[in-house]
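Structure assessment
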Amino acid sequence: MSTLLVRNIHTLVTMNAAREELRGAAIFVRDHVIERVGRASDLPQTADTVLDLQDRHIVLPGLVNTHHHFYQTLTRAIPAAQNCDLFGWLKALYPLWARMTPPALAGSAQLCAAELIRSGCTTASDHLYLFPNGATLDDEIRAVGEAGLRFHASRGSMSVGESRGGLPPDSLVEAEEAILRDSRRVIESFHDSSRYSMLRIALAPCSPFSVSRDLMRESAALARSYPGVRLHTHLAESNSDVDYSKATFGLSPGEYAESVGWVGPDVWHAHCVRLDDAAISRFGQSGTGVAHCPCSNLRLASGLAPIRKMRAAGVPVGLGTDGAASNDATNLLHEARQAMLVARVLDQDAAAMTAREALEIATLGGAAVLGRADIGSIAPGMAADFIAISLDRPGWVGAEQDPVAALIFCETNGVDYSFIHGRCVVDRGEITTLELPKLQSEVRRHAIELVRG
Ligand SMILES: [Zn+2]
């Protein structure tokens, strides 16, 4: 048993049911769970570890990333893929990704986890859908575990290559029987459905243009035979994606998802930029979640997802940075800012999304999309996942009237402190779990090898 007291918090953004923001607050943690929250004078005055924030920090729940491809850290800003739309971008990068080795996968995933943690993320889902040269999901799980991130690993897959009308090269696809066998293996080896779990598995056939309808159906049946194994894929990302669904299946993306059983409270889809009104209403009614990835959607010119409309229809919406090769910044706080900006321009309404709503989507929204009732807010009984950001930064001067809004409106590069599962993973701006310079040079070496071939 160990205890932690974080005191003299300038403003504590709780994201509790009343959305309280407390001044002069404190948090008391026992092991990995928040035990008490409130005014410093009402809480224990000491603990095994005490962090005094000296009335100069905002504390908020750790941010939740609901869609990423960590391995793409190896292929950021590749010249041949800088100015392509989704399909062109994928075709430019598939040959590079096919050369990825298990150590390159592990290193890139660990570096990406570190970047996410520094940007305020405490829980992330990653969608890994290609396994070249003997790589396995295990390589990534081990690497991310060392970084200390709460992790939802998606066992992705691709089974329809170019020769069968799909987009990826045949060399990158797997046999469906092997995919299902390995999916079962990783669930049974790693999935922990308990409250405060640090590791869960999802099944994630990649996209309509890279897997068969059979694999979608069978993956869903397999996931649903275990408690808390969710389903994830890409859907309605761009006009070409919609055209592919119509030409190949004779269905819109929403109809396609429905036809393979991919609608329900245990399913979340990435992007949904081109989801039609009927599908939005069906997603809302069924509790089907969406991972909103505004930077990637802008970068690939895919469009602006109608998030305000989705939330009004009751669709659970979380944020995703998307892969490190289509963003190409892995910064979840920046993604929340981008979400607010694109919601405004899409509706041509400056009140379409507030800074606080962007923060809510980044925390509670992500938690709902990943099916977690134990993260996303700071309240007794919740996991001890929270971040602290100093008010003393040049970009916040002049924003003293509303520092909570400044988190989104102003420039915030990274957090000063982060606690995940009660463990301090960022201390005075530095990640504590990894030797970052060493990891950077190792991953840089892998990236250069990948391009050199
Ligand atoms: Zn993606």
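As shown above, the structure is provided for reference.
Scope of this entry: the structure provided in the associated data block. Given the structure is predicted, the values throughout are model-derived calculations rather than measurements.

1. Points about the overall build of the protein chain
- Across its full length, the protein chain carries 14 helices and 17 strands.
- Here the C-alpha radius of gyration of the protein chain, 21 Å, is about what a compact globule of 453 residues would show, namely 22 Å.
- Overall size of the protein chain, expressed as C-alpha extent along the three principal axes, is 70 × 45 × 45 Å.
- Relative to all contacts within the protein chain whose residues are 6 or more apart in sequence, the contacts with residues 24 or more apart total 74%.

2. Re the packing of helix α2 (residues 102-118) against helix α14 (residues 436-452)
- Between α2 and α14, the least distance of the axes is 9 Å, while the angle of their chain directions is 135°. Here α2 is positioned oblique relative to α14, judged by the angle of their axes. Our pair here, α2 against α14, has a crossing hand that is left-handed. Of α14, the residues touching α2 (which contributes Pro 103, Ala 104, Gly 107, Ser 108, Gln 110, Leu 111, Ala 114 and Arg 118) are Leu 436, Leu 439, Gln 440, Glu 442, Val 443 and His 446.
- Taken together, the residues of the contact of α2 with α14 sort by class into seven nonpolar, five polar and two charged.

3. Section: the coordination of the zinc ion
- All of the protein donors around the zinc ion are His 67 (NE2), His 69 (NE2), His 234 (NE2) and Asp 322 (OD); their distances to the metal are 2.1 to 2.4 Å.
- For the zinc ion, the four donor atoms are set out with angles of 86 to 172° between them, so the coordination reads as irregular.
- When the donor residues of the zinc ion are listed from N- to C-terminus, their spacing reads H-x1-H-x164-H-x87-D. Taken together, the residues span a long stretch of sequence, with His 69 in the loop between β6 (63-65) and α1 (86-97) and His 234 in strand β10 (residues 230-235) at a distance of 165 residues.
- Relative accessible area serves as the criterion here: at 6%, His 234 is assigned to the buried category.

4. A word on the layout of surface pockets
- The computed volume of the largest pocket comes to approximately 200 Å³.
- Ala 114, Glu 115, Arg 118, Ser 119 and Asn 413 are the residues nearest the centre of the largest pocket, which is lined by 15 residues in total.
- Going through the elements one at a time, α2 and α14 are the ones with two or more residues in the lining of the largest pocket.
- The dominant element in the lining of the largest pocket, judged by the number of residues it contributes, is α2, at four residues.
- The residue makeup of the lining of the largest pocket, split by class, is five nonpolar, seven polar and three charged.
- The wall of the second largest pocket is formed by Thr 73, Leu 74, Thr 75, Arg 76, Ile 78, Leu 111, Gln 440, Val 443, Arg 444, Ala 447, Ile 448 and Val 451.
- Ranked by residues supplied to the lining of the second largest pocket, first place goes to α14 with six residues.
- When the residues that make up the lining of the second largest pocket are grouped by side-chain class, the tally is seven nonpolar, three polar and two charged.

Cut-offs applied
- Residues numbered from 1 in each chain as written.
- Predicted model: local features only at pLDDT ≥ 70, side-chain atom pairs only at ≥ 80, totals over all residues.
- Heavy atoms only, no water.
- Helix = DSSP H or I, 4+ residues; strand = E, 2+ residues; numbered from the N terminus.
- Rg over C-alpha atoms; globule rule 2.2 N^0.38 Å.
- Contact = heavy atoms within 4.5 Å.
- Axes fitted to C-alpha atoms, helices over the stretch in contact; angles between N-to-C directions.
- Parallel < 35°, antiparallel > 145°, perpendicular 65-115°, else oblique.
- Left-handed = near helix turned anticlockwise from the far one by under 90°.
- Nonpolar A, V, L, I, M, F, W, Y, C, P; charged D, E, K, R; others polar.
- Donors = N, O, S within 2.8 Å, 3.2 Å for Na, K, Ca; no water.
- Tetrahedral: all angles 85-135°; square planar, octahedral: opposite > 155°, others 65-115°.
- Buried < 20%, exposed > 50% of the residue type's maximum accessible area, 1.4 Å probe, protein only.
- 1 Å grid on protein atoms, 1.4 Å probe; cavity = no way out; pocket = protein on both sides within 12 Å on 5 of 7 lines; lining within 4 Å.
- Points joined across faces, edges and corners; volume = space filled by probe spheres on them.

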